[in-house]
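Structure at a glance
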Amino acid sequence: MEIFIDIDNPLPQFSQLVEQIKLAVQQKQIKPGDPLPSIRQLANDLGLNNKTVAKAYRLLERDSVIQAKGYRGSYIHPDAEKNCTVNLNELVEEKLTDVIGMLRHTGATDSEIRIAFTKVMNSDRKRGN
Amino acid sequence: MIEIMFYILFLSQILLFSVYFPNKIYQRMRYVIAHYPCDQYPKLYPQPIENYHRFHGNYRLANWLIAAAGLVTLTLSVVFNNKGEFIEPQVLVWLFFMLQFMPIMIIEISEFSQFKMMRTADRSSVRSAILSPRSLASFIAPKWLYIAFLTLLIAIVYGFYLEDFTISVEGSAAYAAVILFSVNAFFAGLIYWNLYGKKLNPHQTEEDRQKAIRVVAKSLVFISICASIFLMVTLSIKEYQLHSLEPLAMTVYLQVIALFSLGNSIGSIKVDELNFDLYKKEPLL
């Protein structure tokens, strides 16, 4: 099966990769246990940076859509089909929309929200999360 | 008798490398231009079409000149009965092979620049890739890899056996082992680059790419086997003082590897079976 990346698409290239691999799993074009190409092979075929493909693979691994098996490479996760339906990006956007809406309602300006958001993110990162 | 055999084999080398294969390659290039013209397949021709006509003509002329030079050399060798007074026959074979190899090298180099121009001219923002790993085992049966590895080992052990397993830097066996290892490492690198390296031709389909990889992998593995066998033959010739056979072995070896590389490439990849639709003009929106 083939995947396509549009370099002019405003969606980041790693996101396009993640979406297409998830779609391929959902449409049963690739099945659990199927091997995936190595990061180098996919990056060279698509003319992308290795880091872009590695980032896409990391996100897919985080979502349990693929699993890395050391030197043997990456494979489609046994529960990939089920895990593909969970869209973390959508969930994050939904939750943030709710919070921002609530904050605006209380009278906070966008600038105050941005500053507070950055502050919370930074302090959270410092704590090691 | 050996001299006559050498002359016949040298003539065969001249005809094979400078007439037969160049003629096949020339016909192939002309076939592509005739059947896939630049007005319908513009992506195939990033340069003005005259450049291709000129290149094809020069390629043919160069090969004819090399063949003529070979025939003159052969005639002089027969007339003056060259037994190494002017030049060692095996050196002559090797030097002439290098000369014969030059047009093929020029084709390879021009192919790289052709692909580079294609990539520069390619305005498509969409790139594609297959979602399955490429592995060497899908392009060549593993038994051939084992055979190549075994012949390499046997050749090296045989070399040291002839020198009573005395490892000396000045000995032929150590020298031959280093050359064989280097050649095989180079071949392995080439195969790896073909399998996982960047796609040179931006329009090539995965199917066509796999055909090309198959040809390269098979050719290089068979050449590796031939190189190991040739090394054993050369070491035996030295050991048993059969120096008169050296030029014969050399020209036979060169012709065999030509058959495995060029012959395999021309025979396996049929122009009609390649997908040329990708080079067509993009429809106007």
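Note on numbering: residues in each chain are counted from 1, in written sequence order. Starting at A for chains and at 1 for ligands, labels are handed out in the order in which the entities are written. Local features in this predicted model are restricted to residues of pLDDT 70 or higher, and side-chain atom pairs are both shown and tallied only at a pLDDT of 80 or more, whereas totals for entire chains, interfaces and linings draw on every residue. Neither water nor hydrogens contribute to the side-chain values; these are computed over all heavy atoms in the structure.

1. A few points about the domain arrangement of chain A
Looking at chain A, the domain boundaries give domain 1 (13-83) and domain 2 (88-127). All domain edges in this entry derive from an automatic or database-based domain assignment. Spacing between the C-alpha centres of domain 1 of chain A and domain 2 of chain A amounts to 30 Å.

2. Things to note about the confidence of the model for chain B
Residues and elements named next belong to chain B. The predictor reports its confidence for every residue as pLDDT, a score running from 0 up to 100. Averaged over chain B, the pLDDT score is 88; the fraction of residues at 70 or greater is 97%. Each helix is a run of H or I in the DSSP string that is no shorter than four residues. Each strand is a run of E no shorter than two, and both are numbered from the N terminus. When pLDDT is averaged over each element of chain B, helix H4 (residues 142-162) comes out on top at 93 and helix H7 (residues 246-268) at the bottom at 88. Complex prediction metrics read pTM 0.79 and ipTM 0.76.

3. Side note on the packing of H4(B) against helix H5 (residues 172-196) of chain B
Residue and element names in this part refer to chain B. Between H4 and H5, the least distance of the axes is 8 Å, while the angle of their chain directions is 165°. By the angle class used here, H4 and H5 are roughly antiparallel. Regarding H4 and H5, the two cross each other, and that crossing is left-handed. In this structure, H4 contributes Leu152, Ala155, Ile156, Gly159 and Phe160 to the contact, and H5 contributes Ala173, Ala174, Ala177, Leu180, Phe181 and Asn184. Lys, Arg, Asp and Glu make up the charged group, whereas Ala, Val, Leu, Ile, Met, Phe, Trp, Tyr, Cys and Pro make up the nonpolar group; the residues left over, Gly among them, are polar. Among the residues forming the contact of H4 with H5, the class breakdown is nine nonpolar, two polar and no charged. The axes used here are C-alpha line fits, helices contributing only the stretch in contact, and every angle between their N-to-C directions lies in the interval 0 to 180 degrees. Each angle gets one of four labels, with under 35 degrees taken as roughly parallel, over 145 as roughly antiparallel, 65 to 115 as roughly perpendicular, and the rest as oblique. The sense of a crossing depends on the near helix, which, turned anticlockwise from the far helix by less than a right angle, makes the crossing left-handed and, turned clockwise, makes it right-handed. Two residues form a contact once any of their heavy atoms are found within 4.5 Å.

4. Topic: the packing of H4(B) against helix H6 (residues 206-239) of chain B
All names here are of chain B. Orientation of H4 relative to H6, taken along the N-to-C sense of each, is 15°, at an axis distance of 9 Å. Relative to H6, the element H4 is oriented roughly parallel. H6 is crossed by H4, and the crossing has left-handed handedness. Here H4 contributes Trp144, Leu145, Ile147, Ala148, Thr151, Leu152, Ile154, Ala155, Tyr158, Gly159 and Leu162 to the contact with H6, which in turn contributes Val221, Phe222, Ser224, Ile225, Ser228, Leu231, Met232, Leu235, Ser236 and Glu239. Counted by class, the contact of H4 with H6 contains 15 nonpolar, five polar and one charged residues.

5. Quick word on a nonpolar patch on the surface
Together, Val92(A), Leu96(A), Phe117(A) and Met121(A) make up a nonpolar patch on the protein surface, roughly 330 Å² of accessible area in all. With respect to the helices, strands and loops of the structure, Phe117(A) is situated in helix H6 (residues 110-126). For patch building, the residue pool is restricted to those with more than 30% relative accessible area and no salt bridge; the joining distance is 9 Å between like charges and 5 Å between nonpolar side chains (Val, Leu, Ile, Met, Phe, Trp, Tyr). In short, Shrake-Rupley with a 1.4 Å probe defines the accessible areas, and a residue's cover is counted only from the protein chains shown. Here a salt bridge means any side-chain nitrogen of Lys or Arg lying within 4 Å of a carboxyl oxygen belonging to Asp or Glu.

6. Let's talk about unusual backbone geometry
Positive phi, close to 55°, is recorded for Asp164(B), a residue that is not glycine. Along the chain, Asp164(B) turns up in the loop between H4 and H5.

7. Considering the nonpolar core
Phe10(B), Ile25(B), Leu180(B), Tyr253(B) and Leu254(B) are the most contacted members of the largest nonpolar core, which has 58 residues in total. Top element by residues in this core is H6(B). It accounts for 13 residues. Setting aside its immediate chain neighbours within four residues, Phe10(B) contacts Gly70(B), Leu74(B), Leu92(B), Val93(B), Phe96(B) and Thr251(B). Ile21(A), Ile66(A), Ala80(A) and Cys84(A) belong to the second largest nonpolar core, which has 24 residues in total. Take the buried residues of types Ala, Val, Leu, Ile, Met, Phe, Trp, Tyr and Cys, join any two whose side-chain atoms come within 4.5 Å, and each joined set is a nonpolar core. For every residue, the accessible area (1.4 Å probe, protein chains only) is compared with the maximum for its type, and the residue is labelled buried under 20%, exposed over 50%, or partly exposed between those bounds.

8. Regarding the pairing of strand E1 (residues 2-6) of chain A
A one-sided burial pattern is seen for E1(A), the buried positions being Ile3(A) and Ile5(A) and the unburied ones Glu2(A), Phe4(A) and Asp6(A). One requirement defines pairing of two strands: DSSP has to find at least two bridges between them. As paired strands, E1(A) and strand E1 (residues 126-130) of chain B are joined by five bridges and run antiparallel to one another. Residue pairing across strands places Glu2(A) opposite Ile130(B), the latter belonging to E1(B).

9. With respect to the interface of chain A and chain B
For interface size, the figure often reported is the accessible area lost on association. With 22 residues of chain A at the interface, the matching set in chain B holds 17 residues. In total, about 1,900 Å² of surface goes out of reach between chain A and chain B, with carbon and sulfur atoms giving 54% of it. Contact with chain B buries area across many residues of chain A, yet Gln41(A), Asn44(A) and Asp45(A) alone supply 32% of it, more than any other trio. Between Asp45(A) and Arg134(B) there is a salt bridge, and its shortest N-O distance comes to 2.8 Å. Pairs of N or O atoms are called polar contacts if they sit within 3.5 Å, as long as, within protein, a hydrogen donor faces a hydrogen acceptor (for residues adjacent in sequence, only side-chain-to-side-chain pairs). Viewed at the interface, chain B and chain A are joined by 14 residue pairs in polar contact (both at pLDDT 80 or more). Sorting the residues of the side of chain A that touches chain B by element identifies E1 and helix H2 (39-46) of chain A as the ones contributing at least two each. Considering each element in turn, the side of chain A that touches chain B owes the most residues, six residues, to H2(A). Summed over both partners, the accessible area lost on bringing two parts together, with a 1.4 Å probe, is the buried area.

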